[in-house]
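Examination of the molecular architecture
Here's the letter readout for the chains.
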Amino acid sequence: MEKTTDSLVGMIMDDYVNGFLDSLPSNRRRVGEEQELPVTWPCGRAADASTMWPGLQEAGWNRCSTDNHHALQNCSGWGLTPETGFHVLEVISPPREDLYQLAREKDKVLAQLAKCANEQDLWLLSYGVHPLTSFGDLRWVHLPRYAAMREALCSCGYQVDPVLETGSQQCQIDVTRSEAAIALQVFNGLSGLLVAMFNHSPVRRGAKSDFKAVRQLAYSGFPKGRFGILPSFGSLEEWVDYLMDSWLLFHHVSGSPGKYKPNRDGTTMRQFLSNGHELSFNKAMRELLRQEGTMWPEARLRWRPGGNCTIEVRSACPQLPGDHAVSALSVGLVENLDEAAQMLKRLDWNQWREIRDLAIQYGMSFSYEALRQKLPQVLKELVDIAKRGLAK
């Protein structure tokens, strides 16, 4: 069994690494976004996002044939779904050829959503957390994998329900095999600077918090090593090993479509594969990808078949309509990874973690002696690195 397990792990490793292409198709770096918008009544209390569904279906959005029967999609491939809970609307773009195409379509989609929300007397907030409603009054979306994940974590004393309050803005950017591990380092290590620039959620549960980015605190009840800044990975292989050696929160029940079993004992994926679970390669690969999706750091890699592999940048609160700075900065940094990686070398990993903690509490109003510059100067330098990347 050990030899069989080692062989299977090796096959998964090879397939994952080789799924990242040597070069970008047609030399174009595609970009996509996921924007999570808290939905409220005019009084600020949380509302159910699915209240908008009938109006959206009349406007041409159709239900998707996925395991998430709440999901909608329009004719251009944009998707909508309640995010984790029913009270945050996730807007998902398909990969787009450039930032201009993404921006044009996003503005149009958000305008349509705002119109539909207004007709239902609802508000969509470009804000990182529900401002009044506590997670105790919010409902999880009824998806078997969410239920299994929550059962596994809560049975071990972890507090995961606060994520129901949160919204964020995430970018998906194509990366090649040689770029992937560097991008993962850059966007994790420098995430404190992105948090300082793009987080604006100081009000939570009707009161001003002591933290500028209170959204980030929702993940503090999760197991360490699954949120915040991950360890520094020197290669794609190290990232896959990290996934293999992390707690597998749940697994698919063989022969039962859509059914998942929580793992309450901390079993890692590598241990799971060696404990008599004789999975085919395809099933084992799907377990790894579910494992990838239950990591919530500042940045993570996302593997997809056909070479559609990306870096997912996760440090921002949802931004206002018409504001495309998060994606523009992120694409610019990917296009100029060498300079961004040089900035990363100025401090050690624990210092970058300290900067993230300071940014969560103080936003842009903090100093850090080891940076040897005032924070606005450091942020300007980061923006200039991205501008040079976009100019390439």
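For the structure, see preceding data.
Figured I'd write up the structure that's included with this text. (Residues numbered from 1 in each chain as written. Predicted model: local features only at pLDDT ≥ 70, side-chain atom pairs only at ≥ 80, totals over all residues. Heavy atoms only, no water.)

In this section: the packing of helix α5 (residues 177–189) against helix α6 (residues 191–198). At their nearest, the axes of α5 and α6 sit 5 Å apart, and the two run at 50° to each other. The orientation of α5 with respect to α6, classified from their angle, is oblique. Taking contact as the criterion, the partners of V186, F187, N188 and G189 in α5 are, on α6, S191, G192 and L194. Its residues placed into classes, the contact of α5 with α6 shows 3 nonpolar, 4 polar and no charged. (Axes fitted to C-alpha atoms, helices over the stretch in contact; angles between N-to-C directions. Helix = DSSP H or I, 4+ residues; strand = E, 2+ residues; numbered from the N terminus. Parallel < 35°, antiparallel > 145°, perpendicular 65-115°, else oblique. Contact = heavy atoms within 4.5 Å. Nonpolar A, V, L, I, M, F, W, Y, C, P; charged D, E, K, R; others polar.)

This paragraph deals with the pairing of strand β1 (residues 31–40). Buried residues dominate β1, accounting for 10 of its 10 residues. In this sheet, strand β7 (residues 169–174) lies alongside β1 in antiparallel orientation, the contact comprising 5 bridges. When the bridges of β7 are listed, Q35 appears paired with Q169. Pairing of β1 with strand β5 (residues 88–92), which is carried by 5 bridges, proceeds in the antiparallel orientation. Residue pairing across strands places Q35 opposite V91, the latter belonging to β5. (Buried < 20%, exposed > 50% of the residue type's maximum accessible area, 1.4 Å probe, protein only. Pairing = 2+ DSSP bridges.)

The subject of this paragraph is the pattern of salt bridges. Counted according to the given criterion, the structure contains 25 salt bridges. For E165, the salt bridge is made with R204, and the minimal N-O distance between the two is 2.8 Å. Taken together, the residues span a long stretch of sequence, with E165 in the loop between α4 (144–155) and β7 and R204 in strand β8 (residues 203–204) at a distance of 39 residues. This pair shows no difference in class: E165 is buried, exactly as R204 is. (Salt bridge = Lys/Arg side-chain N within 4 Å of Asp/Glu carboxyl O.)

Everything listed here is a matter of geometry and, on its own, says nothing about what the molecule does.
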